[in-house]
Amino acid sequence: MMRTRFWKLTMVFLVVSALLLLMLAGAEAQNQPAAGKAKADRLVLGLIEKYRDYWRPWIIGTPDHMIQHDPVFEWLFEVDPETGVYKPWLAASWEMAKDGRSWRLKLQKGVQFHHGYGEFTAKDVVHNHALWCDDNMPGRKDPPFSGYRNGMCMVHRIEVINDHELVMHCKNVCLDVLFYYSSASNMPMFSKAQWDKEGEMGYETHPAGTGPYVVKERQMDRYVLFERAPTPHWKHGMVDWKELQMTWTIEEPTRYAQVLAGETHLTELNKDLVDDAVRKGYKMIASRGTAQQIDLIFGGLYFGTEDPKTGRYTEHGGTNGKLDPTVPWTKKEVRQAMNKAINRDEIFKVIYKGRATPMYVHGYYPDLPGWDPTWEKRFSEMYGYDPAAAKRLLAHAGFPKGFKAKMWVFPFAGAPELISLVEAIQVQLRDVGIELEPEEADVVATVLPRTRDRKANWYLRAGVPSKKAVEAQIAGFNAGKATPHMFETDELYAMWEQLLQIADPKANDELLRKIGNYKFENFETIPLFGVPIEVVVDPKIIADWPFSGWDGGDVGHTYLISACKQEKPCK
């Protein structure tokens, strides 16, 4: 049982903590640098999950991989760490054509790649686009794959005007180019000169980026170590830390013990432990905005029909034979019943400590296009907690005694509450007769391959996508263009196709809202909360970290982690 495992981990935590706390006196006794300087040469981040042990992002690419790229690489567009809006980065400026089918970009001048590979220019943009979008790219060993490849490759041709100016030509209306080429997606800019000289594997041995840090060392499954670039960064100057190390530890008690012992300076913890750490004098820093939307996904909603002529739902083996109509939640009444079995108020108070916002429709946010303010008013009647109504809906659907199914349980970066959450969901669904058998799983080894191949029938799972452009989420989760294959219908696909032909922002907003209402009224998921990412830091070492929560693997802008340079801890 998951609860037994949790208590075992708790005991481990207590023992380890007791031992490691004895080390604190030694850590405190270390000589500190003079005021005005960072108190540590190496900043150590204790993170949950790395996902990938290589640098090439086009190999089974996910945005979560990007946290490793964040210190070294840069993108065309920046997600502003404070406001979450798009800002210039390697692209200095941009302008969309009136028909929405092309974008003219001007690039920054004088930006240098590491290791002497010269200036970043338009040829590097063409090269990176080809790495992702040219099926016959010479020298690339692995085919590119990512949930956002479809969006990145809506740009079908790049016209180079000069070294610092280009035009991206799209095969349809492409209003979200800023997203797909930003730090919220997964196309950082690699050096064409390095590829030409060293080939693809040069990107693995010592990749050349343009960021404030360079790669120093990787220990498989343990850490990645970066060092400050030898010359001031073109935009940020000299960063505070001589070295930055990312470590990964799935077990939460161990991560907490590492912080208490001074072995790491920053980590992710569930909100109970965050509050405990704050009482002990540590500091909590939250992302500046909503970072992730937490919901439960019904595996097996493969209602869409294949069409080889248009490519509709043909990805990853297609949909033929993949829908299992005996799965109870293929019936809308069952999906509504399961929603009504969830006591969201209890989860909000107990697990999230009130530090979350209600979520109504997967992939939609109040500050992005397509939002419908009526969802909040309608939510209680359609989704609100009512176990008696849940049982009536189950009986009407043919399951008066409930049913048995399975649930994947896994940790996820930026969401330390996830295991406690699914355990709570398991208990609440049991109260209406639904027995979920938990299976501990690895996201990369088990969950992604099964969802990619549309073989997730009978499995409920947590979905924790970070905040993204709304069209990107519809493409990835509803139109078959990514691995989740969450809720696929011909109606959704037709509306998504229509969306790609609309350049007028007002009409685009209206159609996105129509899609959102379709998802809302069909109980696509069990929507729960939008949450910021919270990290605990040692205030003697770290002063602040402005990050938006939806770029660079959700915890991007690591080079903006500032050192506490005063004698007293920074508050």
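Look up: the structure comes first, before these words.
What counts, and where the lines are drawn
- Residues numbered from 1 in each chain as written.
- Predicted model: local features only at pLDDT ≥ 70, side-chain atom pairs only at ≥ 80, totals over all residues.
- Heavy atoms only, no water.
- Core = buried A, V, L, I, M, F, W, Y, C linked by side-chain atoms within 4.5 Å.
- Buried < 20%, exposed > 50% of the residue type's maximum accessible area, 1.4 Å probe, protein only.
- Helix = DSSP H or I, 4+ residues; strand = E, 2+ residues; numbered from the N terminus.
- Contact = heavy atoms within 4.5 Å.
- Phe/Tyr/Trp six-rings, centres within 6.5 Å; stacked < 30°, edge-to-face > 60°.
- Lys NZ or Arg CZ within 6 Å of the ring centre and 35° of its normal.
- Pairing = 2+ DSSP bridges.
- Disulfide = S-S within 2.5 Å.
- Axes fitted to C-alpha atoms, helices over the stretch in contact; angles between N-to-C directions.
- Parallel < 35°, antiparallel > 145°, perpendicular 65-115°, else oblique.
- Left-handed = near helix turned anticlockwise from the far one by under 90°.
- Nonpolar A, V, L, I, M, F, W, Y, C, P; charged D, E, K, R; others polar.
- Arc of directions from axis to C-beta.
- Polar contact = N/O pair within 3.5 Å; in protein donor to acceptor, adjacent residues only side chain to side chain.
- Salt bridge = Lys/Arg side-chain N within 4 Å of Asp/Glu carboxyl O.

J.: Honestly, the nonpolar core in this entry has me stumped. Any pointers?
T.: Residues Leu76, Met168, Tyr181, Trp241, Trp329 and Met338 are the most contacted members of the largest nonpolar core, which totals 163 residues. In terms of residue count, the dominant contributor to this core is helix α4 (residues 122-133) (6 residues). Leave out the neighbours within four places in its chain, and Trp329 touches Phe298, Gly299, Leu301, Val334, Arg335, Met338, Phe403, Ala405, Trp458, Tyr459 and Leu460. Judged by nonpolar contacts, the second largest core, of 9 residues, contains Tyr256, Val259, Val274 and Tyr282.

J.: What exactly am I supposed to notice about the packing of aromatic side chains here?
T.: To describe a pair of aromatic rings, one takes the distance between the centres and the angle between the planes. Here the structure, examined in full by the defined rule, presents 32 aromatic pairs. Between Phe73 and Phe190, the aromatic rings sit 4.5 Å apart at their centres with planes inclined by 40 degrees, giving tilted as the arrangement. One end of the pair, Phe73, is in the loop between α3 (66-69) and β2 (77-79); the other, Phe190, is in the loop between α6 (177-180) and α7 (192-198), with 117 residues separating them in the sequence. No difference in accessibility class separates Phe73 from Phe190, as the two residues are buried. Considering the side-chain rings of Tyr352 and Phe529, the 5.4 Å spacing of their centres and the 55 degrees angle between planes classify their relative orientation as tilted. Of this pair, Tyr352 sits in the loop between α12 (344-350) and β14 (357-358) while Phe529 sits in strand β18 (residues 525-531), and the two are 177 residues apart along the sequence. The cationic tip of Arg218 hangs over the ring face of Trp55; the distance from NZ or CZ to the ring centre is 4.7 Å. One cation-aromatic arrangement involves Lys467 over Tyr365; the distance from NZ or CZ to the ring centre is 5.3 Å.

J.: Looking at this structure, I do not really get the pairing of strand β13 (residues 292-298). What am I missing?
T.: Every other side chain in a regular strand lies on the same face of the sheet, so the side chains alternate between the two faces. Among the 7 residues of β13, 7 are classified as buried, and the element is accordingly described as predominantly covered. Going residue by residue along β13, you find Gln292, Ile294, Leu296 and Phe298 tucked away on one face and Gln293, Asp295 and Ile297 tucked away on the opposite face as well. Relative to β18, β13 is paired through 6 bridges, and the arrangement is antiparallel. Across the sheet, residue Ile294 finds its bridge partner in β18, namely Phe529. Direction of pairing for β13 relative to strand β17 (residues 459-463): antiparallel, over a ladder of 4 bridges. Its bridge partner lying in β17, Ile297 is registered against Arg461.

J.: Looking at this structure, how should I read the state of the cysteines?
T.: Covalently bonding the sulfur atom of one cysteine to the sulfur atom of another cysteine gives a disulfide. Applying the stated rule across the entire model yields 3 disulfides. Residue pairing for Cys133: its cysteine sulfur links by disulfide to Cys153, the two sulfurs lying 2.0 Å apart. Across the S-S bond of Cys133 and Cys153 the torsion is about -90 degrees, and the bridge reads as left-handed. Residue Cys133 is located in helix α4, and its partner Cys153 is located in the loop between α5 (149-152) and β6 (155-162); the two are separated by 20 residues in the primary sequence.

J.: Help me understand the packing of helix α18 (residues 490-499) against helix α19 (residues 505-521) in this model?
T.: Two packed helices can be described by the angle between their axes and the distance between those axes. At their nearest, the axes of α18 and α19 sit 10 Å apart, and the two run at 170 degrees to each other. On the basis of the axis angle, α18 is roughly antiparallel to α19. Our pair here, α18 against α19, has a crossing hand that is left-handed. The residues of α19 that touch α18, namely those facing Glu491, Leu492, Met495, Trp496, Gln498 and Leu499, are Asn508, Leu511, Leu512, Lys514, Ile515, Tyr518 and Lys519. Looking at the contact of α18 with α19 residue by residue, the classes come out as 8 nonpolar, 2 polar and 3 charged.

J.: Help me understand the sheet that holds β6 in this model?
T.: In sheet architecture, strand pairing relies on hydrogen bonds along the backbone and comes in two forms, parallel and antiparallel. Read across the sheet, 4 strands follow the order β4-β5-β7-β6 without closing on themselves; strand pairing throughout is antiparallel. The open sheet is flanked by β4 (91-96) and β6, the only strands paired with a single partner. Strand-to-strand, the axes of this sheet are offset by a mean angle of 20 degrees, without reference to chain direction. Note that strand β5 (residues 102-107) and strand β7 (residues 165-170) share 5 bridges and pair antiparallel. Residue pairing across strands places Ser102 opposite His169, the latter belonging to β7.

J.: Whenever I open this one, helix α13 (residues 374-383) confuses me. Can you help?
T.: Side chains that are three or four residues apart share a direction in an α-helix, a result of its 3.6 residues per turn. Taken together, the buried positions of α13 are Trp375, Phe379, Met382 and Tyr383. Buried residues in α13, looked at end-on, bunch into an arc of 90 degrees, giving them a common side. Exposed side of α13, more than 90 degrees from the buried face: Lys377, Ser380 and Glu381 are the residues found there. If you follow the buried residues of α13, they end up packed against α11 (332-340), α12, α19 and β18.

J.: Looking at this structure, how should I read the environment of Thr305?
T.: Residue position: Thr305 is located in the loop between β13 and α11. With relative accessibility at 36%, the residue Thr305 sits in the partly exposed group. For the pair formed by Thr305 and Ala494, sequence separation is 189 residues and the distance between their alpha carbons is 12 Å. Look past the residues within four positions of Thr305 in its chain and what remains in contact with it is Arg312, Tyr313, Thr319 and Asp490. Among the polar contacts listed, one links the side chain of Thr305 to the side chain of Asp490, at a separation of 2.7 Å.

J.: What is the right way to read α11 from this model?
T.: Extensive coverage of α11 is indicated by the burial of 7 of its 9 residues. Within α11, the full set of buried residues consists of Val334, Arg335, Gln336, Ala337, Met338, Asn339 and Lys340.

J.: I tried to follow unusual backbone geometry on my own but got confused; where do I start?
T.: With the exception of glycine, most residues fall at negative phi, and the peptide bonds are largely trans. In this structure, Arg454 takes a positive phi of about 55 degrees despite not being glycine. Within the element layout of this structure, Arg454 appears in the loop between α16 (443-452) and β17. By relative accessible area, Arg454 is classed as buried at 1%. Phi at Phe523 takes a positive value of approximately 50 degrees, unusual for a residue other than glycine. Following the sequence through the fold, Phe523 ends up in the loop between α19 and β18.

J.: So what exactly am I meant to see when it comes to the pattern of salt bridges here?
T.: A side chain with one charge can pair with a side chain of the opposite charge if their charged atoms come near. Overall, the coordinates contain 35 salt bridges when judged by the stated rule. Across the salt bridge formed by Asp80 and Lys87, the nearest N and O atoms sit 3.0 Å from each other. Relative accessible area serves as the criterion here: at 8%, Asp80 is assigned to the buried category.

J.: Where do I start with the packing of α11 against α13 in this structure?
T.: Relative orientation of the contacting elements α11 and α13 amounts to 100 degrees, with a least axis distance of 9 Å. As the angle between them shows, α11 and α13 are arranged roughly perpendicular. Contact with α11, carried on its side by Gln336, Asn339 and Lys340, involves Ser380, Glu381, Met382 and Tyr383 of α13 and no other residues of that element. Tallied by class, the residues present in the contact of α11 with α13 amount to 2 nonpolar, 3 polar and 2 charged.

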